[in-house]
Amino acid sequence: MTTLTEILRDFRARLAAGGVEDPAAEARILVGGLLKLERTDFITRGDMQIGAEDAQRLANAVARRLGGEPPYRILGHRAFHGLELELSEGTLEPRPDTEILVDTVLELLKGRQSEPLRLLDLGTGTGAICLALLSQLPNARGLGVDLSEDALATARRNAAANGLGNRFEAQASNWFEAICGTFDVIVSNPPYIRSDVIPTLDREVREFDPLLALDGGEDGLAAYRVIASGASAFLNEDGFVAVETGFDQRHAVRAIFEEKGFVEAVSRQDYGRNDRVQVF
Ligand code: GLN
């Protein structure tokens, strides 16, 4: 038998020795996630006894981490904007910066929160953006589209697990191709990495996030051209498009949308002060 404090100390040391950047935080993510602990448990329940079976599960997780797998992939789920989301092979791991896209959309919908809004999420992945919006907009309905059947299945499970299953639908579509109807908000965190940059990405992204969710084509902007070209046919009168972009893409994305008659309404930066969100 060993205690929570001892396990944490041991994992911190092993992760540090393995070159993990923030070993204390990651030890807590892994141990807390696998044992379903609250943050305060690390302080108040340090002498908690960990049984042999749990100790083994924890040891396996640390071994996977030392093998290069990102911590939330090991847990198989991650928190996003107050929701707990399952990850799978076909889904990008939701990033904290993407919560800014959600917050920007919610700000623009102030005063309209109780309307029966319709949301379209292009490349929904885990469903993160659409489900976070639905959780704050009680009468809205969302359609998440993706090319990956694995992602669609995961998004459906995430909707159900977060009590949003009756207001969320997941549909296979290549962008707008199979979509009918009009929407008040079109959101997307599309693939926006230049193809030639992909091999240089951190191993944790390159090997564990799906290429389909990352690769934005030769100049990284292919998805924005498709979205800007199609969006007006799928937008209601007061509707808008909100997208996440790469840190250096603001001007190029604006030019793409302006060419299709859109005007940049809002631009937001991420936690690292990079341009990250645009609304048209
Ligand atoms: N933000 C992701 C990354 O940094 C990229 C996601 C995307 O292409 N939409 O790897």
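Just so it is clear, the model here is predicted, and its values are computed rather than measured.

Asks: With reference to specific residues and values, describe the domain arrangement of the protein chain.
Replies: Split into domains, the protein chain comes out as domain 1 (2-75) and domain 2 (90-279). On a C-alpha basis, the centres of domain 1 and domain 2 stand 33 Å from each other. Of the residues lining the interface, five residues belong to domain 1; the matching set on domain 2 comes to four residues. Its residues assigned to classes, the side of domain 1 that touches domain 2 comprises two nonpolar, one polar and two charged.

Asks: Residue-level account of the site of the ligand, with values.
Replies: Inspection of the region around the ligand gives Leu 92, Arg 95, Asn 189, Pro 190, Pro 191, Tyr 192, Ile 193, Val 205 and Leu 214 as its neighbouring residues. Residues of the shell around the ligand, tallied by class, amount to seven nonpolar, one polar and one charged.

Asks: I'd like to hear about the UniProt feature "binding site: S-adenosyl-L-methionine" (unreviewed entry) in the protein chain, residue by residue, with values.
Replies: With numbering matched to this structure, UniProt assigns "binding site: S-adenosyl-L-methionine" (unreviewed entry) to Gly 123, Thr 124, Gly 125, Thr 126, Gly 127, Asp 146, Trp 175 and Asn 189. Among the residues examined, Trp 175 registers 18 C-beta atoms within 10 Å and is labelled partly exposed. Those residues in contact with Trp 175 that sit more than four places away from it in its chain are Leu 122, Val 226, Ile 227 and Gly 230. If you trace the backbone, Asn 189 turns up in the loop between strand E8 (183-188) and helix H9 (203-208). Dropping the residues within four chain positions of it, Asn 189 is found in contact with Thr 98, Leu 101, Gly 123, Ile 129 and Glu 244.

Asks: How would you explain the sheet that holds strand E6 (residues 141-146) if you had to name every residue and give the values?
Replies: The seven strands lie next to each other as E7-E6-E5-E8-E9-E11-E10, forming an open sheet whose pairing is mixed. Looking at the sheet topology across the chains shown, the edges are occupied by strand E7 (168-172) and strand E10 (266-269). Taking the axes of each pair of neighbouring strands and ignoring which way they run, one obtains an average angle of 15° across the sheet. The pairing of strand E9 (residues 235-244) with strand E11 (residues 275-279) spans three bridges and is antiparallel. The residue of E11 that forms the bridge with Glu 244 is Val 277.

Asks: Give me the lowdown on the pairing of E11, citing residues and values where you can.
Replies: Of all five residues making up E11, four are buried, and the element is well covered by its neighbours. Judged from the four bridges that link them, E10 and E11 form a sheet pairing that is antiparallel. Within E11, the residue paired with Arg 268 across the bridge is Val 277. Count of turn residues in the E10/E11 antiparallel hairpin: five residues, of which Arg 273 carries a positive phi of about 60°.

Asks: An account of the nonpolar core is requested, with residue identities and associated values reported.
Replies: Among soluble globular proteins, nonpolar side chains are generally buried collectively. In terms of nonpolar packing, the biggest core is built from 53 residues, with Leu 119, Leu 131, Leu 133, Val 185, Val 187, Val 241 and Ala 242 touching the most fellow members. Apart from residues no more than four positions distant in its own chain, Ala 242 is found in contact with Leu 101, Thr 104, Val 105, Val 185, Val 187, Val 277 and Val 279. Formed by 13 residues, the second largest nonpolar core is a distinct cluster that contains Ala 27, Leu 30, Leu 58 and Ile 74.

Asks: Would you mind going over the pairing of E8 in detail, with residue names and values included?
Replies: Within E8, six of the six residues are buried, which leaves it mostly tucked inside the rest of the structure. As paired elements, strand E5 (residues 118-122) and E8 share four bridges and run parallel to each other. Bridging from a neighbouring strand, Leu 119 pairs with Val 185 of E8. Where E8 lies against E9, five bridges are found, and the strand directions are parallel. In the sheet register, Ile 186 faces E9, and the bridge partner there is Val 241.

About the criteria used
Position labels on residues start from 1 in each chain and follow its written sequence. Totals for whole chains, interfaces and linings use every residue, but because this is a predicted model, local features are given only for residues with pLDDT of at least 70 and side-chain atom pairs only at 80 or more, for both listing and counting. An automatic or database domain assignment supplies the residue ranges for each domain. A residue pair is marked as a contact if its C-beta atoms, positioned from the backbone, fall within 7 Å. When residue character is reported, Ala, Val, Leu, Ile, Met, Phe, Trp, Tyr, Cys and Pro are called nonpolar, Asp, Glu, Lys and Arg charged, and the others, Gly included, polar. We call a residue near a molecule or strand when the C-beta position, derived from backbone atoms, sits within 6 Å of it. UniProt positions are given in the numbering used here, feature names are shortened, and annotations may be inferred rather than shown by experiment. Here exposure depends only on C-beta density: within 10 Å of a residue's C-beta, 20 or more other C-beta atoms make it buried, 12 or fewer make it exposed, and intermediate numbers make it partly exposed, the C-beta atoms being placed from the backbone. Strands here are runs of E lasting at least two residues and helices are runs of H or I lasting at least four, both read from the DSSP assignment and numbered beginning at the N terminus. Note on pairing: DSSP must find at least two bridges between two strands before they are called paired. To define axes, lines are fitted to C-alpha atoms, for helices over the stretch in contact only, and angles between the resulting N-to-C directions are given on a 0 to 180 degree scale. The term nonpolar core refers to a group of buried residues, namely Ala, Val, Leu, Ile, Met, Phe, Trp, Tyr and Cys, whose C-beta atoms join them within 7 Å.

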